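Fold and geometry: a report
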Amino acid sequence: MPFTKEDKTRVIEQYAQKPGDTGSTEVQVALLTERINRLSTHLTENKKDMAAKRGLLILVGQRKRLLRYLESKDKARYKALIEKLGLRK
């Protein structure tokens, strides 16, 4: 199932710091997490899709870098975000 515009706006509204916020670290991490979850379910059904696996690893690396940046800038926002997204750290 593709990542529709409605899904994207729902995630943005949920994690935005203020109205119109689409570029904050929280929003970017939430969007990457949504894409990672969708790719993970795809890969459970299509185990031999190596292109999707590579894309998944790239997305995980991007999310990891953004989370490292957020942790270095503001620990409280970092902890709140990983708790809200259900990520383990």
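Please read all numbers here as calculations on a predicted model, not as lab measurements.

**Examining the pattern of salt bridges**
Applying the stated rule across the entire model yields four salt bridges. In this structure, K75 and E71 form a salt bridge, with 3.4 Å as the shortest nitrogen-oxygen distance. Accessibility expressed as a relative area gives 47% for K75, which makes it partly exposed.

**Some thoughts on the nonpolar core**
Across soluble globular proteins, you tend to see nonpolar side chains buried next to one another. Core analysis: the biggest nonpolar cluster contains 21 residues, and Y15, V29, L67, L81 and L85 have the highest contact counts within it. Breaking this core down by element, the ones donating at least two residues are α1 (5–15), α2 (25–45), α3 (50–73) and α4 (75–85).

**Let's talk about the side chain of R63**
When you line up the elements, R63 lands in helix α3. One buried charged residue, R63, forms no salt bridge at all, with the nearest opposite charge on E34 at 9.6 Å. Looking at R63, its side chain comes within polar contact range of the side chain of T33, at 3.3 Å. Residue contacts for R63: discarding those within four places in its chain leaves V29, L32, T33, I36 and L87.

**Things to note about the packing of aromatic side chains**
Summed over all chains, the structure comprises zero aromatic pairs. Directly above the ring of Y15 sits K84, whose terminal nitrogen or CZ lies 4.7 Å from the centroid.

**Structural notes on the environment of G23**
Take G23: it is sitting in the loop between α1 and α2. Put simply, G23 and I12 are 11 residues apart on the chain and 9.2 Å apart in space, counted from C-alpha to C-alpha.

**Notes on α3**
The first and last C-alpha atoms of α3 sit 35 Å apart over 24 residues, in line with the 34 Å expected at 1.5 Å per residue. Of the positions making up α3, those classed as buried are A52, L56, L59, R63, L66, L67 and L70. In this structure, the buried residues of α3 make contact with α2 and α4.

Criteria and thresholds
Residues numbered from 1 in each chain as written. Predicted model: local features only at pLDDT ≥ 70, side-chain atom pairs only at ≥ 80, totals over all residues. Heavy atoms only, no water. Salt bridge = Lys/Arg side-chain N within 4 Å of Asp/Glu carboxyl O. Buried < 20%, exposed > 50% of the residue type's maximum accessible area, 1.4 Å probe, protein only. Core = buried A, V, L, I, M, F, W, Y, C linked by side-chain atoms within 4.5 Å. Helix = DSSP H or I, 4+ residues; strand = E, 2+ residues; numbered from the N terminus. Lys, Arg positive; Asp, Glu negative; His and termini not counted. Polar contact = N/O pair within 3.5 Å; in protein donor to acceptor, adjacent residues only side chain to side chain. Contact = heavy atoms within 4.5 Å. Phe/Tyr/Trp six-rings, centres within 6.5 Å; stacked < 30°, edge-to-face > 60°. Lys NZ or Arg CZ within 6 Å of the ring centre and 35° of its normal. Expected span 1.5 Å × (residues − 1).

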